Amino acid sequence: MTLTASRAPAPPRAAVPPPRRASARRAWRKLSPYAYLAPFFTLFAAFGLFPLLYTAFVSLYRVELQAPGDMEWRGLGNYTALLGDEYFWVSLRNTFTIGVLSTVPQLVTALGLAHLLNYRMRGRTFLRTAVLLPYATSVAAATLVFAQLFGRDFGLINYALGLVGIDPVDWQNGTVASQIAVSTVVIWRWTGYNALIYLAGMQSIPDELYEAAAMDGASRWRQFFHVTLPGLRPTILFTVIVSTIGATQLFGEPLLLEGSVSGGISHQYQTLGLYMYEQGWGFFHLGRAAAVAWVMFLLIVVLVGLNALIARRRSRKEAGR
């Protein structure tokens, strides 16, 4: 009688997925990021890219608002007509001057407010919320209030100027005065928004840099110029670009200051946005309005490119030191 050793049971084999299911999983892993991004690109193509391309298409035709289906080929005729229109150059100049008058004081004031709000003081949470209230205010309500403040006969601004012996200023009919009035509304609405952006950038700067500067005997002003400003350079570039785009597209404030799309009697504060609206909905020239829209787009691209180029050259110079 022979004895044989019993064999140990073989370990269970791991279930191997069918080859079709494994290939489907690998394909899903590769395509899933694009599937998650598909809604954004779909909405961008429908509401961003298509209107942009269609506006470029319309700008090459003569299209009237009364008969948008009747299109007559003009090529670059709408663009050459813009170059020959003196009011186009007036609106372009007004856009530049109002942009400078509103952007520079706005960003400088926002930087100072952010520097103050960065200190530890009582009620800073309330103050940080309060500086954002103008941004949350309706542009229509804010502009109408400022239109009353800048009134020629009964405005509070002229009343305050009269107390110090200055004659009343015609804020809505004077060229420089009306542009200052429009810029004041823009400064009031956007200073707090940019201040919070600067504040977020300041809080990302390491405290060790300030401690090292204080140990070297640097005052608060030296710390601000040699630590805070270099640390805020990307944030400042961002706000400059965003403010430049907003200044180029300025529309609501100059429209509601007097309620005229012409920007005053002599077009003294008509911006490119108002000029485009006047061409499309005032004179019913949709083709020319589309050409103005593309001129604004190209102008924004050029200005943003110049800002980025200047910032890159400065960073290269500082890296080479």
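Up top is the structure.
Remember, it's a predicted structure, so these values are computed and weren't measured experimentally. (Residues numbered from 1 in each chain as written. Predicted model: local features only at pLDDT ≥ 70, side-chain atom pairs only at ≥ 80, totals over all residues. Heavy atoms only, no water.)

*Asks:* Residue-level account of the overall build of the protein chain, with values.
*Replies:* Within the protein chain one finds 14 helices and 2 strands. Over its C-alpha atoms the protein chain spans a radius of gyration of 30 Å, topping by over 25% the 20 Å that the globule rule assigns to 321 residues. Dimensions of the protein chain, computed from the C-alpha atoms along their principal axes, are close to 130 × 70 × 45 Å. Across the 321 residues of the protein chain, 32% fall into the buried class. (Helix = DSSP H or I, 4+ residues; strand = E, 2+ residues; numbered from the N terminus. Rg over C-alpha atoms; globule rule 2.2 N^0.38 Å. Buried < 20%, exposed > 50% of the residue type's maximum accessible area, 1.4 Å probe, protein only.)

*Asks:* Lay out unusual backbone geometry in plain terms, naming residues and giving numbers.
*Replies:* A positive phi angle, close to 60°, is found at His267, a residue other than glycine. Inspection of the secondary structure assignment puts His267 in the loop between helix 12 (252–258) and helix 13 (272–282). Here the phi dihedral of Phe284 falls at roughly 65°; this positive angle occurs in a residue that is not glycine. Positionally, Phe284 belongs in the loop between helix 13 and helix 14 (286–320).

*Asks:* Break down the packing of aromatic side chains for me, with residues and values.
*Replies:* Each pair of aromatic rings is reported with the distance of its centres and the angle of its planes. With the rule as written, the count across this model stands at 18 aromatic pairs. Aromatic side chains Trp190 and Tyr193 sit 5.5 Å apart centroid to centroid with 90° between the ring planes, which places their arrangement in the edge-to-face category. With Trp190 and Tyr193 both in helix 8 (residues 175–203), this residue pair falls 3 residues apart, about one helical turn. Judged by its relative accessible area of 24%, Tyr193 falls in the partly exposed class. Linked through ring pairs, Phe50, Tyr54, Phe57, Tyr61 and Trp73 together constitute an aromatic cluster. (Phe/Tyr/Trp six-rings, centres within 6.5 Å; stacked < 30°, edge-to-face > 60°.)

*Asks:* Any chance you could break down the pattern of salt bridges for me, citing the residues and the numbers?
*Replies:* Opposite charge on two side chains permits them to pair, given that their charged atoms come into close proximity. Scanning the model with the defined rule gives 3 salt bridges in all. Of the charged contacts in the structure, one is a salt bridge between Glu72 and Arg62, with a shortest N-O distance of 3.4 Å. Placement of Glu72 in strand 2 (residues 67–73) and of Arg62 in strand 1 (residues 61–64) is noted, with a sequence separation of 10 residues between them. One salt bridge in this structure joins Asp153 and Arg152, with 3.4 Å as the shortest N-O distance. Judged by relative accessible area, which is 56%, Asp153 ranks as exposed. A residue is classified by how much of its surface remains accessible, and Arg152, at 46% relative accessible area, is partly exposed. (Salt bridge = Lys/Arg side-chain N within 4 Å of Asp/Glu carboxyl O.)

*Asks:* Any details on the environment of Val301? Residues and values, ideally.
*Replies:* You can see Val301 is positioned in helix 14. Given the relative accessible area of 47%, Val301 is considered partly exposed. Remark: the alpha-carbon pair of Val301 and Thr244, spanning 57 residues in sequence, is separated by 10 Å.

*Asks:* Any chance you could break down the nonpolar core for me, citing the residues and the numbers?
*Replies:* Core analysis: the biggest nonpolar cluster contains 13 residues, and Ile98, Phe150, Val182, Leu250, Leu257 and Tyr269 have the highest contact counts within it. Secondary structure elements with two or more residues in this core: helix 6 (139–149) and helix 8. Here this core takes 5 residues from helix 8, the largest share from any one element. Membership of the second largest hydrophobic core comes to 12 residues, among which are Tyr198, Leu199, Met202 and Leu232. (Core = buried A, V, L, I, M, F, W, Y, C linked by side-chain atoms within 4.5 Å.)

That is the geometry; function is a separate question.
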